[in-house]
Each structure stands twice: as structure tokens, then as C-alpha cells.
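Summary of the model geometry
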Amino acid sequence: MIRAATLREPGGASRGMGQQQAYDPYFSHWADIAARRVVAAHPDRRPIVVAAGITPSGVVHVGNFREVMTVDLVARALRDQGVPIRFIYSWDDFDVFRKVPADAPEQAMLTENLRRSVADVPDPFANDPANPVGPRDSYASHHIAVFEASLAPLGIEPEFIRQSKAYRAGRYAEGIRRALEKKDVIRAVLDQFRTEPLPESWLPLAGFCRSCGRDRIDFGWDGDWFVDMSCRDCGTKTRVDLREGGDVKLPWRMDWPMRWAYEGVCFEPGGKDHSSAGGSYDTAKQIVGPVFDWVAPEYVPYDFVRIKGGGGKISSSAGGAVTVADCLEVYEPEMLRWIFASQRPNSEFQISFDADVIKLYEDWDRAVATAHAADDGKNDKKRAVVRRTIELSRLVPGRIEPGSEPVRVPSFRPLSMTLQIYDGDLEGTLEHYRRTGEVGNEAEAERLRLRAVRVWRWIEQHAPEDFRYRIRDTPATEALSGEPRAILARLVAVLEASPDCREEDLVPHLKTMCEGTSLSAQDFYPYVYELLIARPKGPKLTTLLSTMGSTRALPLLRAGLA
RNA sequence: GGGCCCGUAGCUCAGUCGGUAGAGCAGGAGACUUUUAAUCUCUAGGUCCAGGGUUCGAGUCCCUGCGGGCUCACCA
């Protein structure tokens, strides 16, 4: 028997079954604790099935991503504890298209397709040249493709299942029939929480008209395998043999527990909208046993993700949703995992694109350093938690050896400065770090590239104005006069005399530059910044000058002497 | 109406099987001087919302109350 199978909650299922497995403090993360709960609830079932599910009824945003990330962390924790798993991801693309997103193209076409299945609505992005995934066979397929593509860089590789295909293939025939047979049980569960009870004639069915594709249908059931559908819109009548499949499905509150049973799901999280008393998890939990003969999976409710400054929850229908791909523009993949891994699931948090990004990068670097630090007997417990969180955040599973060295990478703030001096030129920036010795091998070079492209995108797209500068393309047109002009002449002379001047050599010159005048260096700096970057302030001048080089600096400075 | 979450330093928050209250920023002192929210060292600062309970021991677990937020009760 594998080791993990004997893990139990202390004092729990292991009673009377021989020695009790000791609590292993190494598995200290919330995902580890959830994993132990799952193993305790399903001691004999292997592999353990963990599941995520999302409706692609619009842009799949970073809030939806929390669902997948939560499952991935628990999946990773289970594997680390030696448990074989199967990670399934159900695309609920047999859902009704209810609302046209405000920012979607082809508004008229989409409006025409309301009330059809999102798997049958045409792809409005098919002719969009900026569409990264190319034309797809439906609205749902487009959003699915975009999201699946963004998961790959994060090391998340579930087995994807499309509900539209599963239902249409008749795979859930048995499930639908059981729901029909036990419809009174289901109705009783749902009626506990409804303001108005379901009518006596209610059937646990939903679906789409074969002719017009819309979902306003009256259903009948022959008590066996046949369902009759009558479309209220176009009047088409259809008879479906459940065993062959068709455009018939179970409504969400029955669909969920049916799929738990079908796949043998042992763990699945849910958003807070599913997690209240009377919410869909609550009713599904009551339905799954009597109707589908399975137990509710171990559950973790997760809260929403907010976007800093966005005000309110992310909505895919309101437009302007922030996607995982958007986050990966600014955050390193492991860092994005870490942002989710370091938050308890049931707490809300924000993803920032403003100046908080800097602090987050600094926190991340510090956490990585802490994770790699050797234990010293003082803060080992805290360090262990940080270390475990970083392990779960890494793309490749594996333990971090205390006292090992992480791959070096420049911190965000100085890197942003250097990048701006090089005008975003990645290879030039890399060369600079090679010269300074901060990049010494190919691994460090790769590490720098990963970060530098994101820092640069942040500078270009999100950074506060104070943080940005750009070296002038064309020299200033107004020359200086008086004392500033005299000091500038000295500076120009220094650079002309030693064009390859290193930063350390430049420092004394800048200190003595203003001697004999009424100005201090602080008074003079703004003139230089104006000539170089057309702003009154900028990065440390010695760094700026030595990094950009005399060849580039001198023409700009001489403009002040014209 | 039901359920969940939050209430900890001036601010934002961490505190993961209960074991001497923590970080970042802001503040104060010093060093350095280098100007994007520079860096380093040191320092101050809390009735952990209130009340009760369990415990040798509670920020942590249980109950009650107050304040704030979210969610379900139509669909998914």
C-alpha cells in the first residue's frame, strides 16, 4: 500500500486500523491540509479525481482562474504526498448565452444568437486580426482556446472535457434518466430554499431546440429513455433518445452532482456564489447521494479576485475583464502561482497593475530567498511555510534544499531603470548585466529575460508617470546660459576626455563639478536631466551617463552649449 | 431571512494541527550621500472589536453581541 493511503486526520479514520500516521509538519500549506482531508475521505480510491469547472460564457478571467489554481495546488499536494491523481477540467460550454459582452465584436450577430448554447454561437473573433488563437468553431471554443493557452506556461495540464460534446454523445444518459426517476427527491431538496416551490409538472431538464437552437423548451418524458421537446419560439417538436444523446441536459444544480458521480470526483472547489447555505454546492451535496449514489467531493470555497483600482468584482459580461494572459504580461509565471498559493482560498485579494507591482516583486524575491535559506533553529517553522508555498508555486515540482542558492536575478526597481536607459533593448540590457557581473551564466541570463520583458511591459503600459522616462531622440533646442552653462561645459569636457568613463570614475567629477559657482549639484541636476530625458528628475546621474555611454550622451549634452 | 468572511501597530495586512503578538509602509535616531517610494543600521508603537466559555495556556477553538463586506433565496 502506498504511503499516502495510510495518511489520516489525527484521531480520524485511522482508529482501530493499526498505528496512527504521524502528522508531517512538512506538508504545512492549506493545499496539503485539503489533500489530507481528501485522502481521509477516500482512503481506497485511486487515482483520486480532482476537478475544476468553468462556463466559457465570456472571457475566462483571472477570477475564474482561481478555481483552476486551487485544484492544481491540491493536485500538486496530493502528488507530493504520494497519491496518484486525475485532474479533470469540465468546460460547461452547454450553457445558455444570456448576455452580449459590452466589449465583444459583432454585437448584432451575438444579439441574434442570445438564448442559444455558447457552443453553437459563432466565433465573433473569427475575423479579428488581433485574435491570438485564430478562428474557432464557436464563441465558446474561442474563449476556451484563449484560456487553455494561458494555462500551459503555468505548468497546469488538466484533462479537458467539453460538456456540449459529452451530452450530445449521450454519455450522461444514465445520469439524466436517474434524475428524471428521482425528480421528486430533487424537487424536495430545491424547494427547501426556493421562494416559490417548483410546479408539480416540473422535470429536471434543460436543452436547446434542434431547429432554432434556443432554450425555451417544454419537456415531456415517456418514463423510459425518450424525452420530448417542444420549442416555444419556433414550435418545433423533437423526440430525443437519451442513449443516443442530443440537445438535452440537466440544469446546473443537478448537472453538477451528476458529473461528480460520473467521474467519481473526490475534490472540487467552488466560488463563494456556490458556497452559501442553499447554494448550488449545498443542494448538490443533498442530491448526489439519493439520486446518483455518490458522495459530495471535499470542498474548498474560494473568494473573488479583484483588480486593484478596478472597483468591484471582475465580470466577464461587463467587459474589461482581466485574463491570466494579462497577468502574465506583468508577472512571472511562478510569481503568479505564488500570488494565489500564498493567499488562503476563502479570502479575497487584489491583483495590482499599479506601483504595487514593485512591492510584490520585492516580496516575491524575499520569499524565494527565505525558502532557500538554511535553517537556523530560530524561525524554522515560519521558514518551512514560506518554503512549502514557494515549492507549490514552482512550475516543476520538487523540494527546495535548505541552504541552496536560487538563480540570481536583478530586483525590479534597478532593472526597470536599466531597461529604460537601454530603451527596452533586452539584449543590450543583458550585456550590461554581464559586464557588471550580475549575470554570470546562461541560467541567469534566461532568468533575467523572463523578468525583463515583464518589467518593460509594466513600464510601458502601467507604470505611474513618475516612474517613466525616455532618452531624447533629438537634442534639446534651448541652450543654457550663465553658471549652468559653465558647469555643463565642465561635464562635457570630462566625458570628451574619457569617453569610456566608468561609473566609479564619474562620481568624483560630479562632486566637484559645481565648485566655484553658487549652485549645488542638486541645483544643477535638473538641467542635465532636461537635456538627456526632457524631465526635471531621473535615475542616478552617474549610472545614467555611464550606462548610456558618451556616444549617446554627448550630442544631447552639447545641445545645451549651442 | 439563511450562510460565509473580515474586525490585530497611524495605514495595508500576516499570524496554516492552541504554546512568549509580526512584516511592509508611515514616524523617530544614526550612517551614507546616490535625485523615480534611494540604501543600510537601530528604535518606538497594539485592551489582537466587546463580553462569556473550554484549556495548564486562546489573536487562534466554542457561544453571544456590535460594526463592515459578500453571497444564496431566478439562472448558471
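Keep in mind that what you see is a predicted model, and the values were worked out from it rather than measured.

On a plain count of helices and strands, chain A comes out with 22 helices and 13 strands. Taken against the 2.2 N^0.38 rule, which gives 24 Å for 562 residues, the C-alpha radius of gyration of chain A at 31 Å runs more than 25% over that of a compact globule. Along the three orthogonal principal directions, the C-alpha set of chain A runs to about 100 × 65 × 40 Å. For chain A, the proportion of its 562 residues judged to be buried stands at 50%.

With that settled, the discussion passes to the pairing of strand 2 (residues 85-91). With respect to burial, strand 2 is a largely interior element, six of its seven residues being buried. With seven bridges joining them, strand 1 (residues 48-54) and strand 2 adopt parallel strand pairing. Residue pairing in the sheet places Ala-51 in a bridge with Ile-88 of strand 2. Two strands pair when backbone bridges link them, and strand 2 and strand 3 (residues 159-162) are joined in this way by four bridges, in the parallel orientation. Residue pairing across strands places Trp-91 opposite Arg-162, the latter belonging to strand 3.

Where helix 2 (residues 62-80) meets helix 14 (residues 380-393), the closest approach of the two axes is 10 Å, and the angle between their N-to-C directions is 105 degrees. When the axes of helix 2 and helix 14 are compared, the pair comes out roughly perpendicular. In this structure, helix 2 contributes Leu-73, Arg-76, Ala-77 and Asp-80 to the contact, and helix 14 contributes Arg-388, Glu-391 and Leu-392. Of the residues belonging to the contact of helix 2 with helix 14, the class tally is three nonpolar, no polar and four charged.

Our next topic: the packing of aromatic side chains. Inspection of the entire model under this criterion finds 23 aromatic pairs. Residues Tyr-167 and Tyr-172 carry aromatic rings whose centres are separated by 4.9 Å and whose planes lie at 75 degrees to one another, so their mutual orientation is edge-to-face. Each member of the pair, Tyr-167 as well as Tyr-172, is classed as buried. With a centroid separation of 5.5 Å and an interplanar angle of 50 degrees, the aromatic rings of Trp-338 and Trp-364 are classed as tilted. Within this pair, whereas Trp-338 is found in helix 12 (residues 333-341), its partner Trp-364 is found in helix 13 (residues 356-372), the two being separated by 26 residues in sequence. A single burial state applies to Trp-338 and to Trp-364, both of which are buried. One aromatic cluster is present, built from ring pairs that chain together Phe-94, Tyr-167, Tyr-172, Phe-208 and Tyr-262. Sitting over the face of the ring of Trp-225, Arg-177 holds its NZ or CZ atom 4.6 Å from the ring centroid.

For Ser-164, the position within the fold is in helix 5 (residues 163-168). Classification of Ser-164 by relative accessible area gives buried; the value is 4%. What Ser-164 contacts, discounting residues up to four positions off in sequence, is Asp-93, Phe-94 and Ala-119.

Here we come to the sheet that holds strand 5 (residues 217-221). Pairing within the open sheet is antiparallel, and its three strands lie in the order 5-6-7. The open sheet is flanked by strand 5 and strand 7 (237-241), the only strands paired with a single partner. On average, adjacent strands in this sheet sit at an angle of 25 degrees to one another, irrespective of strand direction. Across five bridges, the pairing between strand 5 and strand 6 (residues 226-231) is antiparallel. Residue pairing across strands places Phe-219 opposite Met-229, the latter belonging to strand 6.

Once that is clear, we can look at helix 15 (residues 412-421). In terms of burial, helix 15 is a largely internal element, seven of the 10 residues being buried. Those residues of helix 15 not exposed but buried are Phe-412, Leu-415, Ser-416, Thr-418, Leu-419, Gln-420 and Ile-421. One or two steps after helix 15, the chain reaches Asp-423, where phi turns positive at roughly 60 degrees.

So, about the sheet that holds strand 9 (residues 265-267). Taken in spatial order, the four strands make up an open sheet running 3-2-1-9, and their pairing is parallel. Every other strand in the sheet has two partners, leaving strand 3 and strand 9 as the edge strands with one partner each. Pairs of neighbouring strands in the sheet enclose a mean axial angle of 45 degrees, with direction left out of account.

Here Pro-257 shows up in helix 8 (residues 252-263). For the pair formed by Pro-257 and Ala-284, sequence separation is 27 residues and the distance between their alpha carbons is 5.2 Å. In this structure, Pro-257 is in contact with Trp-252, Ala-284, Ile-287, Val-288 and Phe-292, ignoring residues within four places of it in sequence.

Of all hydrophobic cores here, the largest spans 84 residues; its most connected members are Phe-65 and Ile-351. Top contributing element to this core by residue count: helix 2, with 10 residues.

A few words now on the confidence of the model for chain A. Per-residue pLDDT for chain A has a mean of 85; in total, 92% of the residues score no lower than 70. This model gives residues 309-318 a pLDDT under 50, and the stretch forms 22 contacts once residues within four places in sequence are excluded. Of the two predicted TM-score estimates for the complex, the pTM is 0.88 and the ipTM is 0.85.

What follows deals with unusual backbone geometry. Backbone phi values are negative for most residues with the exception of glycine, while trans is the configuration of most peptide bonds. Following Arg-46, the chain continues into Pro-47 via a peptide bond in cis, with omega recorded as 0 degrees. Mapped onto the fold, Pro-47 is located in the loop between helix 1 (30-41) and strand 1. For Arg-115, which is not glycine, the phi torsion reads 75 degrees and is therefore positive. Within the fold, Arg-115 resides in the loop between helix 3 (107-112) and helix 4 (139-151). When its relative accessible area of 27% is taken as the criterion, Arg-115 is described as partly exposed. The backbone of Asp-293 shows a phi angle near 60 degrees, a positive value even though the residue is not glycine. By relative accessible area, which is 62% here, Asp-293 ends up exposed.

This brings us to the pattern of salt bridges. Across all of its chains, the model carries 40 salt bridges by this definition. In this structure, Asp-255 engages Arg-259 in a salt bridge whose closest nitrogen and oxygen atoms are separated by 2.9 Å. Within this pair, Asp-255 and its partner Arg-259 are both found in helix 8, separated by four residues, close to a single helical turn. Relative accessible area serves as the criterion here: at 3%, Asp-255 is assigned to the buried category. The buried category is assigned to Arg-259, whose relative accessible area is 8%. Among the ionic pairs, Arg-449 bridges to Glu-446, the shortest N-O distance being 2.7 Å. With Arg-449 and Glu-446 both in helix 17 (residues 442-461), this residue pair falls three residues apart, about one helical turn. If you follow the salt bridges from partner to partner, you end up with Glu-427, Glu-431, Arg-434, Glu-442, Glu-446 and Arg-449 in one network.

Parameters at a glance
- Residues numbered from 1 in each chain as written.
- Chains lettered and ligands numbered in written order.
- Predicted model: local features only at pLDDT ≥ 70, side-chain atom pairs only at ≥ 80, totals over all residues.
- Heavy atoms only, no water.
- Helix = DSSP H or I, 4+ residues; strand = E, 2+ residues; numbered from the N terminus.
- Rg over C-alpha atoms; globule rule 2.2 N^0.38 Å.
- Buried < 20%, exposed > 50% of the residue type's maximum accessible area, 1.4 Å probe, protein only.
- Pairing = 2+ DSSP bridges.
- Axes fitted to C-alpha atoms, helices over the stretch in contact; angles between N-to-C directions.
- Parallel < 35°, antiparallel > 145°, perpendicular 65-115°, else oblique.
- Contact = heavy atoms within 4.5 Å.
- Nonpolar A, V, L, I, M, F, W, Y, C, P; charged D, E, K, R; others polar.
- Phe/Tyr/Trp six-rings, centres within 6.5 Å; stacked < 30°, edge-to-face > 60°.
- Lys NZ or Arg CZ within 6 Å of the ring centre and 35° of its normal.
- Core = buried A, V, L, I, M, F, W, Y, C linked by side-chain atoms within 4.5 Å.
- pLDDT = per-residue confidence, 0-100.
- Salt bridge = Lys/Arg side-chain N within 4 Å of Asp/Glu carboxyl O.

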